[in-house]
Amino acid sequence: MTTIINAFLAVAVVTGALVATSLDRRVAVLLGAAGSTVGNFLTWLVAPGAWAQVPLVPWLAAVAGTVALIALWSATRLWSGIFEPPRAPRDDDTAALATVGVES
């Protein structure tokens, strides 16, 4: 039971550290919680004995999973062109002139 508590504590601390240093807190919560949880899960799948017996392994897995997810997130954003500045507004030629009232 203490191993699970240690893993949850690792996830919470890594997520909290990422949120405290981030400008976009909602994305930081998502990346921190998901990355550290997936990192711990994959480590538990690959080396369950080390994950359960060495108290430092869940912490390392949480940090490694978060770093990997941040790298994946950054690569995806770079590839999809989100970093490009928005297009400049164009002049709209399609507007109609509407007058209200009686013309004199």
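Residues numbered from 1 in each chain as written. Predicted model: local features only at pLDDT ≥ 70, side-chain atom pairs only at ≥ 80, totals over all residues. Heavy atoms only, no water.

A word on the packing of helix α1 (residues 2-20) against helix α4 (residues 57-80). Remark: α1 packs on α4, axes separated minimally by 9 Å, with the N-to-C direction vectors making an angle of 40 degrees. With respect to α4, the element α1 is oriented oblique. You can see that α1 and α4 cross each other, and the crossing is right-handed. Side by side, α1 and α4 meet where Asn6, Ala7, Leu9, Ala10, Val13, Val14 and Leu18 of the first sit next to Pro58, Trp59, Ala62, Val63, Thr66 and Ile70 of the second. By residue class, the composition of the contact of α1 with α4 is 11 nonpolar, two polar and no charged. (Axes fitted to C-alpha atoms, helices over the stretch in contact; angles between N-to-C directions. Helix = DSSP H or I, 4+ residues; strand = E, 2+ residues; numbered from the N terminus. Parallel < 35°, antiparallel > 145°, perpendicular 65-115°, else oblique. Left-handed = near helix turned anticlockwise from the far one by under 90°. Contact = heavy atoms within 4.5 Å. Nonpolar A, V, L, I, M, F, W, Y, C, P; charged D, E, K, R; others polar.)

Moving on, we get to the packing of aromatic side chains. Scanning the model with the defined rule gives one aromatic pair in all. Centre to centre, the rings of Phe41 and Trp44 are 5.9 Å apart; their planes meet at 35 degrees, and the pair counts as tilted. Of the two residues, Phe41 and Trp44 both sit in helix α2 (residues 25-46), three residues apart, roughly one turn of that helix. The exposure class assigned to Phe41 is partly exposed, which follows from its relative accessible area of 45%. (Phe/Tyr/Trp six-rings, centres within 6.5 Å; stacked < 30°, edge-to-face > 60°. Buried < 20%, exposed > 50% of the residue type's maximum accessible area, 1.4 Å probe, protein only.)

Attention now moves to the side chain of Thr15. Structurally, Thr15 can be placed in helix α1. Within the structure, Thr15 has its side chain in polar contact with the backbone oxygen of Val11 (distance 2.8 Å). Among the polar contacts made by the side chain of Thr15, one reaches the main-chain amide nitrogen of Ala33 at a distance of 3.2 Å. With near-sequence residues (within four places) excluded, Thr15 lies in contact with Val29, Gly32, Ala33 and Ser36. (Polar contact = N/O pair within 3.5 Å; in protein donor to acceptor, adjacent residues only side chain to side chain.)

What follows deals with α4. The end-to-end C-alpha distance of α4 is 34 Å, a good match for the 34 Å that 24 residues give at a rise of 1.5 Å each. For α4, the full list of buried residues reads Val57, Pro58, Ala61, Ala62, Gly65 and Thr66. Those residues of α4 that are buried are in contact with α1, α2 and α3 (48-53). (Expected span 1.5 Å × (residues − 1).)

Counting through the fold element by element, Met1 comes out in the segment before α1. Since its relative accessible area comes to 77%, Met1 is described here as exposed. On a C-alpha basis, the gap between Met1 and Ala52 in space is 9.7 Å, while along the polypeptide they are 51 residues apart.

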